[in-house]
Amino acid sequence: MALLTELERVSKTFRKLAARSADDDEAEKKLKQLLADVCTLIASDPAYPNLPADAVLKADNLLHSMVDAAYGESFEIDFVPSFAQGTGRPLVADSERESLAGSMGAGALSKLLPLLQSFGMAGGRANINDLLRNEPALQGPAPWGKIERPSEFSSPIARFRKRPAGQANTLPAPSPLAQAILHARLSASSTRSVSPIELCLPRGSSCLTLMGAGGYKNRDPVLSFFDLNEEDDEFCKEICTSPGLAGVATHLVVDSERKLAYVADDDRVKSYKYDVKVSFDAVLAKHTLASNNMGPLLLVENGSKILRGGKRGVELWNVDTLPDHGPDGKKKVGKGKFSIEDSWRDEPEDIEKSNGTSAHSTTPLHDDAVQPSVWIQLSGGQLVMAPKDRYSCWIADLESGLRPTTRFLGHGGYITQFSTSPDDHNQFLTACNDGVARLFDIREPLPRVSFDCGSSDEFLQSALYIHVDGLPLVISGGQRSQSVKVWDLRTKSIVYELATGNNSVTSLAWDAPRSTLFAATECEFMDRLGYNHDYRNARIPKTKWNSRQLGEDWAEQDEDEDEDMEDEEEDDDDDDDELGWPERAFHEENAFGYAFDCGQHRILRYKFGVDADPGVLPEYGDAMPGQSDNYF
């Protein structure tokens, strides 16, 4: 057929290109074009989206080979730019990240400008201010005070974007709550946490679970539970435990019906019983499963079965017949004693030594299958998985050993997360390490919409696809860009970003019943011993919100005085010797109406609502320049 012939032509061109020198810039450009050509051939075929399986398979393998070569010695590309967009399949970008300054971030730019001046690249200009005034690409985003906001009740930690030219500023919101979210009407709070790995919040659950790492040099697994219905010190009540695994847990699933949280390291799976309604003072060890796999966990059949994928296939345990650790959580499970000889945990006595229950059954991998790295079960029962070490995902048949049945194309990195909305049974979202979130329809091989969350220069660990009273939104968490971004799927545009206190986002969770977003964030300016580094004195703008929150002796302004003060912000910023700011922070202190720095790992809570108080804001952290005793 014509499509196969054209794909083979591209394949031959790619093989010739890969033989060239790695420092051939022209070859790199042609490779990026070839990636786009494959997607164009797929989309332009008259039979699209109902293409023959062999054509989609060939395209999948070809794209994988090209992306793999892009990161290899042949091309040595750091980030493969998005290539699956096309007519009717837009790539949605963030306008503030399009310039050099916007892409680099404030901290990196502050290091670059003196170098440009010292090497004579300032065009003979006398100082950096002259350089900034005359080089638009080096001009960072405008201060928060000069950005239009849709409501006087919009949060000061929300930074709004201008709509693209020709697009209406707003579309009618389907409900007051939906409009409150579009206007960033929220209250925000935070709590300190261990080094976060993943959040899990099953739909309808009142308990948020965090899997993280703590202890000496973050060598110990930690499992934290947050009661979403009860406040404790201005945040959800929390209890935590250190699972008796031999290493830091890497996979988490939660059964909200049985009140069981399952965590897994490379050797075993352990479950812990919690109950926010009966007693939320402790959690109890329940099961230990002996596993021959290292891959992800999945609950199926309403939690009655738990699966673990890996190179040995798919292991299955029937939960309701499993032996447990008894009423006190201390009874041994399984024969023999688990060896802790190779454990990196600092306190070996904290490792529970049950070997655990072997899988009740194991389905070997199909000849065409690859072990999963991430997977999710859709509402229709289909299993979507990202194969390990491949740049794609597919629907897999569980009973036949994960045999691929439907393939989805267009990823330029490894998939890190899937997300679905209960209001949309046909679409799912992928977060990818090329910095792009992609929305797929299960009936089409190419993404319908791509969101350039990281501008092709940062990993994307977490992204959510949600509906709020019919309003479709995508929410992404930035690592290097240190913020949460909210995208409107109707207008195909970014609405605003939320400050995270200079922390990187590792995981997101949406609590629909309470209209609340949770972000697990990591402070990159704190080492594994809890010491902060690379801080300078903060230069806090003299604004209303900073005055209210930080308690400085700044004159509080009326709303009418805000505009005059905004024009003076840059001149009136003074170094504050009581507050610190990371030297390499992505945002400057004036990027948001309220400037705050976390200074440690935190869980941030953004609670949306028509009556939300924008004056409820996260506390400023205690990291300071030269500080050396901030141990967690």
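Residues numbered from 1 in each chain as written. Predicted model: local features only at pLDDT ≥ 70, side-chain atom pairs only at ≥ 80, totals over all residues. Heavy atoms only, no water.

1. As for unusual backbone geometry
Phase 1 of the analysis: The peptide bond linking Y48 to P49 adopts the cis configuration, its omega dihedral lying at 10°.
Phase 2 of the analysis: Within the fold, P49 resides in the loop between α2 (25–44) and α3 (53–71).
Phase 3 of the analysis: The backbone of A184 shows a phi angle near 55°, a positive value even though the residue is not glycine.
Phase 4 of the analysis: With respect to the secondary-structure elements, A184 resides in the loop between α7 (176–182) and β3 (186–192).
Phase 5 of the analysis: Judged by its relative accessible area of 0%, A184 is buried.
Phase 6 of the analysis: Backbone geometry at N302 places phi at a positive 55°, although glycine is not the residue there. (Helix = DSSP H or I, 4+ residues; strand = E, 2+ residues; numbered from the N terminus. Buried < 20%, exposed > 50% of the residue type's maximum accessible area, 1.4 Å probe, protein only.)

2. Considerations on the sheet that holds strand β1 (residues 91–92)
Phase 1 of the analysis: Taken in spatial order, the five strands make up an open sheet running β1-β24-β23-β22-β21, and their pairing is mixed. One side of each edge strand has no neighbouring strand; the edge strands of this open sheet are β1 and β21 (415–421).
Phase 2 of the analysis: With two bridges joining them, β1 and strand β24 (residues 449–452) adopt parallel strand pairing. Along β24, the bridge assignment pairs L91 with S450. (Pairing = 2+ DSSP bridges.)

3. What to know about the nonpolar core
Nonpolar side chains tend toward joint burial in soluble globular proteins.
Phase 1 of the analysis: In terms of nonpolar packing, the biggest core is built from 46 residues, with I157, V484, Y496, L517, Y606, F608 and Y620 touching the most fellow members.
Phase 2 of the analysis: With four residues, the top contributor of residues to this core is strand β28 (residues 493–499).
Phase 3 of the analysis: In terms of nonpolar packing, the next biggest core, distinct from the first, is built from 32 residues, V10, L63, V67 and L446 among them. (Core = buried A, V, L, I, M, F, W, Y, C linked by side-chain atoms within 4.5 Å.)

4. Quick notes on the environment of R448
Phase 1 of the analysis: Here R448 lies in the loop between β23 (436–441) and β24.
Phase 2 of the analysis: The class for R448 is partly exposed, based on a relative accessible area of 33%.
Phase 3 of the analysis: Once residues lying within four places of it in the same chain are set aside, the contact partners of R448 are G88, R89, P90, Q427, L439 and D441. (Contact = heavy atoms within 4.5 Å.)

5. Thoughts on the packing of α2 against α3
Phase 1 of the analysis: For the pair α2 and α3, the least separation of the axes is 10 Å and the interaxial angle reads 165°. The orientation of α2 with respect to α3, classified from their angle, is roughly antiparallel. The hand of the α2/α3 crossing is left-handed. Of α3, the residues touching α2 (which contributes L31, L34, L35, V38, C39 and I42) are A59, L62, L63, M66, V67 and A70.
Phase 2 of the analysis: Of the residues that constitute the contact of α2 with α3, the class distribution is twelve nonpolar, no polar and no charged. (Axes fitted to C-alpha atoms, helices over the stretch in contact; angles between N-to-C directions. Parallel < 35°, antiparallel > 145°, perpendicular 65-115°, else oblique. Left-handed = near helix turned anticlockwise from the far one by under 90°. Nonpolar A, V, L, I, M, F, W, Y, C, P; charged D, E, K, R; others polar.)

6. Quick look at the pairing of strand β13 (residues 305–310)
Phase 1 of the analysis: Of all six residues in β13, five are buried; the element is thus mostly enclosed.
Phase 2 of the analysis: In this sheet, β13 lies alongside strand β12 (residues 297–300) in antiparallel orientation, the contact comprising four bridges. Its bridge partner lying in β13, V300 is registered against K305.
Phase 3 of the analysis: The hairpin turn running from β12 into β13, its antiparallel successor, is four residues long, and E301 in that turn takes a positive phi close to 50°.
Phase 4 of the analysis: Of the strand pairs in this sheet, β13 and strand β14 (residues 313–318) are connected by six bridges, and their pairing is antiparallel.

7. A closer look at the sheet that holds strand β6 (residues 220–232)
Phase 1 of the analysis: The antiparallel open sheet is built from four strands, whose spatial order is β4-β5-β6-β7. Each edge of the open sheet is held by one strand with a lone partner, namely β4 (195–200) and β7 (235–241). Between one strand and the next, the sheet's axes are offset by a mean angle of 30°, whatever the strand orientation.

8. Here we look at the packing of helix α1 (residues 2–18) against α3
Phase 1 of the analysis: Where α1 contacts α3, the two axes come as close as 10 Å, and the packing angle between them is 15°. For the element pair α1 / α3, the angle class is roughly parallel. Pair α1 / α3 crosses with left-handed handedness. Two secondary-structure elements touch here, α1 through L3, L4, L7, E8, V10, S11 and F14 and α3 through D54, A55, K58, A59, L62, S65, M66 and A69.
Phase 2 of the analysis: In terms of residue class, the contact of α1 with α3 is made up of ten nonpolar, two polar and three charged.

9. Observations concerning the confidence of the model for the protein
Phase 1 of the analysis: Averaged over all residues, the pLDDT of the protein equals 90, while 89% of them reach at least 70.
Phase 2 of the analysis: Here residues 554–572 is a poorly scored stretch, pLDDT under 50, and it has 28 contacts once near neighbours within four places are set aside; other chains count. (pLDDT = per-residue confidence, 0-100.)

10. Description of the packing of aromatic side chains
Phase 1 of the analysis: Counted according to the given criterion, the structure contains 15 aromatic pairs.
Phase 2 of the analysis: On the numbers, 6.1 Å between centres and 45° between planes, the contact of Y71 with Y391 is tilted. Separated by 320 residues along the polypeptide, Y71 in helix α3 and Y391 in the loop between β18 (383–387) and β19 (393–397) bring together distant segments of the chain.
Phase 3 of the analysis: When the ring of Y391 is compared with that of Y414, the centres are 4.8 Å apart and the planes differ by 0°; the resulting orientation is stacked. In this pair, Y391 sits in the loop between β18 and β19 while Y414 sits in the loop between β20 (403–408) and β21, placing the two residues 23 residues apart along the sequence.
Phase 4 of the analysis: Through pairs of rings, three or more aromatic residues link up here, namely F408, F418, F428 and F440. (Phe/Tyr/Trp six-rings, centres within 6.5 Å; stacked < 30°, edge-to-face > 60°.)

11. Details of the pattern of salt bridges
Phase 1 of the analysis: If you walk through the whole model with that rule in mind, you get 30 salt bridges.
Phase 2 of the analysis: A salt bridge links E231 to R605; its shortest N-O distance comes to 2.8 Å. Residue E231 is found in strand β6, and its partner R605 is found in strand β33 (residues 602–608); the two are separated by 374 residues along the sequence.
Phase 3 of the analysis: Note on R605: relative accessible area 10%, which makes it buried.
Phase 4 of the analysis: Salt bridges linked by common partners bring D94, E96, R159, R161, K485 and E497 together as one network. (Salt bridge = Lys/Arg side-chain N within 4 Å of Asp/Glu carboxyl O.)

12. Quick word on the pairing of strand β8 (residues 251–255)
Phase 1 of the analysis: Burial of β8 is extensive: five of the five residues sit out of reach of the surface.
Phase 2 of the analysis: What you see with β8 is no split at all: H251, V253 and D255 on one side and L252 and V254 on the other are buried throughout.
Phase 3 of the analysis: Note: β8 against strand β9 (residues 260–264), five bridges, orientation antiparallel. Residue D255 lies in a different strand from β9, and its bridge partner there is L260.
Phase 4 of the analysis: Following β8, the chain reverses through four residues before pairing antiparallel with β9; K259 in that reversal takes a positive phi of roughly 60°.

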